[in-house]
Amino acid sequence: MRSRPIVQSMLDNGFLDPEAHNPNDFVNYTVRALKILDEALKDAKQHEEIVELVATMFDNGFCNRDGQADPSEWIMYAQTAVVDLKSM
């Protein structure tokens, strides 16, 4: 799972909220994020650098629960960041 550090950073920074999401949501959104991001990273030549950068973006406020309450938005933004960074 190449995307694990990104998803861990997302979880650490509010990707899911225990008060707003039930345990099934935690499993479903986390697995969905891992699958989507692993797919986006599969042909990246420097995937370690991309993963580190995107995880750092989340650690520094890339998304927050106030602005992006829907976990699907977090996944979409992370996927977009990976795809854009891959093209560099």
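In this text, all values refer to a predicted model and were calculated from it rather than measured experimentally.

1. Thoughts on helix α2 (residues 23-41)
In step 1: Taking 1.5 Å as the rise per residue, α2 with 19 residues should run 27 Å; its terminal C-alpha atoms sit 27 Å apart, in good agreement.
In step 2: Every buried residue of α2 is listed here: Tyr29, Thr30, Ala33, Leu34, Leu37, Ala40 and Leu41. For α2, the angular spread of the buried residues around the axis is 135°, confining them to a single face. Exposed side chains of α2 directed beyond 90 degrees from the buried face belong to Asn24, Val27, Asn28 and Lys35.
In step 3: For α2, the secondary structure elements touched by its buried residues are α1 (4-12), α3 (47-59) and α4 (71-86).
In step 4: For α2, the capping residue at the N-terminal end is asparagine 22, with a side-chain oxygen 2.8 Å from the backbone nitrogen of asparagine 24.

2. As for the nonpolar core
It is characteristic of soluble globular proteins that their nonpolar side chains tend to be buried jointly.
In step 1: In terms of nonpolar packing, the biggest core is built from 22 residues, with Ile6, Met10, Phe15, Val54, Phe58 and Val82 touching the most fellow members.
In step 2: Listing elements by their share of this core, those giving two or more residues are α1, α2, α3 and α4.
In step 3: Sorting elements by how many residues they give to this core places α2 first, with six residues.
In step 4: If we ignore the near neighbours within four places in the chain, the residues touching phenylalanine 15 are Met10, Tyr29, Thr30, Ala33, Arg65, Pro71, Trp74 and Ile75.

3. Some details on the side chain of serine 9
In step 1: Structurally, the position occupied by serine 9 is in helix α1.
In step 2: Once residues within four sequence positions are removed from consideration, serine 9 is found in contact with Ala55, Phe58 and Asp59.

Rules and cut-offs
- Residues numbered from 1 in each chain as written.
- Predicted model: local features only at pLDDT ≥ 70, side-chain atom pairs only at ≥ 80, totals over all residues.
- Heavy atoms only, no water.
- Helix = DSSP H or I, 4+ residues; strand = E, 2+ residues; numbered from the N terminus.
- Expected span 1.5 Å × (residues − 1).
- Buried < 20%, exposed > 50% of the residue type's maximum accessible area, 1.4 Å probe, protein only.
- Arc of directions from axis to C-beta.
- Contact = heavy atoms within 4.5 Å.
- Polar contact = N/O pair within 3.5 Å; in protein donor to acceptor, adjacent residues only side chain to side chain.
- Core = buried A, V, L, I, M, F, W, Y, C linked by side-chain atoms within 4.5 Å.

The values reported here are purely geometric and, on their own, carry no functional implication.
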